[in-house]
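Structural overview for review
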Amino acid sequence: MMAVATDASAPRPAKAPNAVSNTTVTFAKALNQALADAMSADERVLVFGEDVGELGGVFRVTDGLAARFGENRCFDTPLAEAGILGTAIGMAMYGLRPVVEMQFDAFAYPAFEQLVSHLAKMRNRTRGALPMPVVIRIPYGGGIGGVEHHSDSSEAYVAHTPGIQVVTPATVDDAYWLLRSAIASPDPVVFFEPKRLYWTKAKLSLPVTTGPIGTAAVRRPGRDLTLIAYGQTVPIALETAEHAREYGYDLEVVDLRSLVPFDDATVAASVERTGRAIVVHEAAGFAGFGAEVAARVSERCFYRLEAPVLRVTGLDIPYPPPKLEHWHLPNVDRVLDAVERAMAA
Amino acid sequence: MTLLDLPPAATRGNPATAAAPYWDTDPLRYLDEHGAPAEGGLRPAEELLDPERLLAVYRALRLARAFDTEATNLVMQGHLAVYPSSRGQEACQAAAALCLEPQDWLFPTYRDTAALAVRGIDPVEALTLLRGSWHCGYDPKRWRTAPQCTPLATQAPHAVGLALAAKLAGDPVVALCLLGDGATSEGDFHEACNSAAVYQAPAVFLVQNNQYAISVPLRKQTHALSLAHKAVGYGMPGVRVDGNDVIALMHVLGEATRRAREGGGPTLIEAVTYRVRAHTNADDAARYRDQAEVDLWLARDPVDRLARYLTATGRLDDGLDAAIAAEGEKYAAAMRERLNVEPQVEPADMFDHVFASPTPQLRAQRAAVLRERELEEAAREGGA
């Protein structure tokens, strides 16, 4: 039986530093590695959810954890998302650091009340007596040919809730360090994993230099316009920037990484440099996260803006069936169209 | 026939049980309504009948009653924002607090403030939520008591998680979750019971079936034979107990917590009781129930019942009863004095516990609010 500290705020140092490595891995494997390293670094970390045990999760992100750490540290739960998150909250009250998986974006909705009414508020309600170091991993977004209820982008629902941190990685390195940072955070994190990127590969260089949650990254410097993206739209923004060179435009790409806390400084500094901004995300545009970004940019950079802040987003429709999702998803052409409009302004 | 077409005679539970009144036959009890050992009633554990122990239980009942009475007065005088009374449920309130060991955790609802008082939490801290000066006013870790939960049944999975964490650690901790009859219709109740049974978590679910969810009577809440029957579907013991018989309650809760502590898994307990007052001070119960029904239950009062038993068995006399009443009055007077003053609130508190360290955006909003307060104070001083 493992020992449990009842004080969740007491840091427990890693048993051993992360091995230095420099191997090419998939995005999913980087997440898996982060979970394994977090579990060996801190015995209060445990992983549970639907099919995360023997199967290793439907996307294999928890592969091998149950075998390596035992079923007290990684286990299958009944099929009950509110119950899973509610259980995690109770465990955090006792000093554990649960990492739970919601199998798909749209299957996380039953846990919404637990998220909004308890996870987000427990620290506040108790004036800090009951912090909630809980991570909710949610595979999200479309582009993988999923049938209905398997492709939602639900980040705006969560980001609107004070008390929850919301992050989404776009690179293999970020997949690793953002997840390690999320697990180490004293506050709850909803960790959106862009499904479409699970199979992308890159070198993972350990140890990763970690920074606090809440910092955006400039993925590509540019002079003419800032593309602001996160998760699965970061590769689209980068590809757009490459194509835009043919039109003589030099685009900057900012990867938000952390929707909450929001890195106003990095975003505003970029738009101050370029004078133009386009937000790109896959979720429906109406009342979407892009509206928040556009408002913040306008409030801070109004006198520097050469054009209205534009948004390229999913359509305001229920997520379409896989044979139609191509029409819904933001793509390079749509972003380029927006770039043309912004540059013409 | 739809659920709403039930004949008026079937006022409790399933119509199939209406012929044999729900109350008189079913629940486990030690004392009858007059405070005498019931014929064919349960045989409580010896230690429960120890005279000193019973007097301690009686004091707890009287404390719960004094607390509830004073809180009801305070809300009528405008010193609380709202008060959901537990009058008539004092046996449940006292037993829930008394059955726990110091390391055990209690998961109360908004109607369980009297249980917090019996657990020893300062009444002003316990009433912070209902006074409206903060959400949870006591230290949950110190008192092993979760914040009072307002969204129905959502605290039940927390109890399961805490119980499971304790079980994984090998700690002899039990989580007692308090619920009402309405909460058993919620999905979280089902998910919590099911998970608790699957994990064999040391959790006990005590449903205070006080017959009403605001205005909705139990018959519109469930078609089950009883709420305790729901345990069958989860594979855990389900027990119906007379919720106005504190000795029976202590016995049933003692068995359930012992079983949980020894690794025997969770138990669902339905305590059959009655909400004597309206849902809260803002509710008008006359719109949905007759006074005759309330009178029927006033005659089953849990405090009087134990008093009669103790008197009949020579453990309580008028002198001692008056002394215990004086203790209650002293407690209520202190509540009155301390809650009569306007509470101090601090706007900075709103920002200081959103995250462990505030985001830049929260720091800016905090500074703006504190500046507003300064300006307000300056204006007040200038005007004075």
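Residues numbered from 1 in each chain as written. Chains lettered and ligands numbered in written order. Predicted model: local features only at pLDDT ≥ 70, side-chain atom pairs only at ≥ 80, totals over all residues.

**Side note on the interface of chain A and chain B**
Tallying the contact residues gives 40 residues for chain A and 36 residues for chain B. A per-element tally of the side of chain A that touches chain B places helix H3 (residues 81–93) of chain A first, with 9 residues. Of the residues that constitute the side of chain A that touches chain B, the class distribution is 20 nonpolar, 14 polar and 6 charged. (Contact = placed C-beta atoms within 7 Å. Helix = DSSP H or I, 4+ residues; strand = E, 2+ residues; numbered from the N terminus. Nonpolar A, V, L, I, M, F, W, Y, C, P; charged D, E, K, R; others polar.)

**Examining the domain arrangement of chain A**
By a widely used convention, the size of an interface equals the accessible area lost when the partners come together. All names here are of chain A. Splitting chain A by domain gives domain 1 (21–206) and domain 2 (217–340). Look at where the C-alpha atoms of domain 1 and domain 2 centre, and you get two points 26 Å apart. Counting residues at the interface gives 26 residues for domain 1 and 21 residues for domain 2. For the side of domain 1 that touches domain 2, the secondary structure elements donating two or more residues are helix H6 (155–159), strand S6 (165–167), helix H7 (172–184) and strand S7 (189–194). For the side of domain 1 that touches domain 2, the per-class residue count stands at 12 nonpolar, 9 polar and 5 charged. (Domains from an automatic or database assignment.)

**Some thoughts on the sheet that holds strand S2 (residues 175–180) of chain B**
What links the strands of a sheet is backbone hydrogen bonding, and the strands pair in either a parallel or an antiparallel sense. Residue and element names in this part refer to chain B. Read across the sheet, 5 strands follow the order S1-S2-S3-S7-S6 without closing on themselves; strand pairing throughout is parallel. Strands with a single pairing partner mark the edges of an open sheet, and in this sheet they are strand S1 (105–107) and strand S6 (238–242). Mean inter-strand twist for the sheet, computed between neighbouring axes without regard to direction, equals 20°. Note that S1 and S2 share 3 bridges and pair parallel. If you follow tryptophan 105 over to S2, its bridge partner there is alanine 175. Seen against the sheet, helix H8 (residues 156–169) touches S1, S2 and strand S3 (203–209) and runs at an angle of roughly 170° to S2. Across the face of the sheet, helix H11 (residues 246–261) comes into contact with S3, S6 and strand S7 (267–272) while running at roughly 170° to S7. (Pairing = 2+ DSSP bridges. Axes fitted to C-alpha atoms, helices over the stretch in contact; angles between N-to-C directions.)

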